[in-house]
Amino acid sequence: VNAGGACIGICAGSYYGSAYVEFDKNGPLEVLGERELRFFQGKAIGPILAPYDYKTQRGCRAAVLSTAFEDIPEVAIYYNGGGFFENAERFPCTEVIARYENKLPAIIKVDYGRGKVILSGVHFEFDPYTLDSKDPYIQKIIKPLIQWDHSRHTFINHLIEKINLL
């Protein structure tokens, strides 16, 4: 990345791409500590929208995000266990691309050396048409995800453009 490449870190990958992870602090799944990639120089803290469960989709949500893109000011994206990027707007070379409804940064772009990095607390890669519609937790969120799917595709294209892959 430093030499001009690109990296996309989604959910656990976004935690790992941050300088410090604060996952489920004081909870049964607690993970606290520094990480070596340090694309984002701050903390990734979560889960932000619901408790995470390794065995079920209990914590999944259709996260409605406000975006930095004029043609899609909002988009709903699959969420399960992701975090936010503490004070992201204060770090040099860091741009907030999308925010959760509580205004905390959900997706950021970081200029890293000659390269670019996208870190995302939500799973923008999840196609709602391929989710398990029989899962009782997924059933609760699949309809809004499908309704927002066209916007999700446009949003992904904008993300890819941000890191110069198109």
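Look a little higher up for the structure.
What you see is a predicted model, and the numbers here were worked out from it, not measured in a lab. Position numbers for residues start from 1 in each chain and track the written sequence from start to end. Given that the model is predicted, a residue must reach a pLDDT of at least 70 before its local features are reported, and side-chain atom pairs must reach 80 or more before they are shown or counted; all residues, however, enter totals for whole chains, interfaces and linings. Derived side-chain values reflect all non-hydrogen atoms in the structure, with water molecules and hydrogen atoms excluded from consideration.

## With respect to helix H4 (residues 149–162)
Only runs of H or I of at least four residues qualify as helices and only runs of E of at least two qualify as strands under DSSP, and these elements are numbered from the N terminus. Multiplying 1.5 Å by the helix residue count minus one yields the expected span of that helix. For H4, with 14 residues, the first-to-last C-alpha span of 20 Å sits near the 20 Å given by 1.5 Å per residue. One or two steps after H4, the chain reaches Asn164, where phi turns positive at roughly 60°.

## Remarks on the sheet that holds strand S8 (residues 94–99)
In short, DSSP must find at least two bridges between two strands for them to pair. Spatially, the six strands line up as an open sheet ordered S1-S10-S9-S8-S5-S6, and their pairing is mixed. Single-partner strands in this sheet number two, and they are strand S1 (6–10) and strand S6 (74–79). The average undirected angle you get between the axes of adjacent strands in this sheet is 25°. Judged from the six bridges that link them, strand S9 (residues 105–112) and strand S10 (residues 115–120) form a sheet pairing that is antiparallel. By the bridge assignment, Tyr112 is partnered in S10 with Gly115. Axes here mean lines fitted to C-alpha atoms, for a helix over just the part in contact, with angles spanning 0 to 180 degrees between N-to-C directions.

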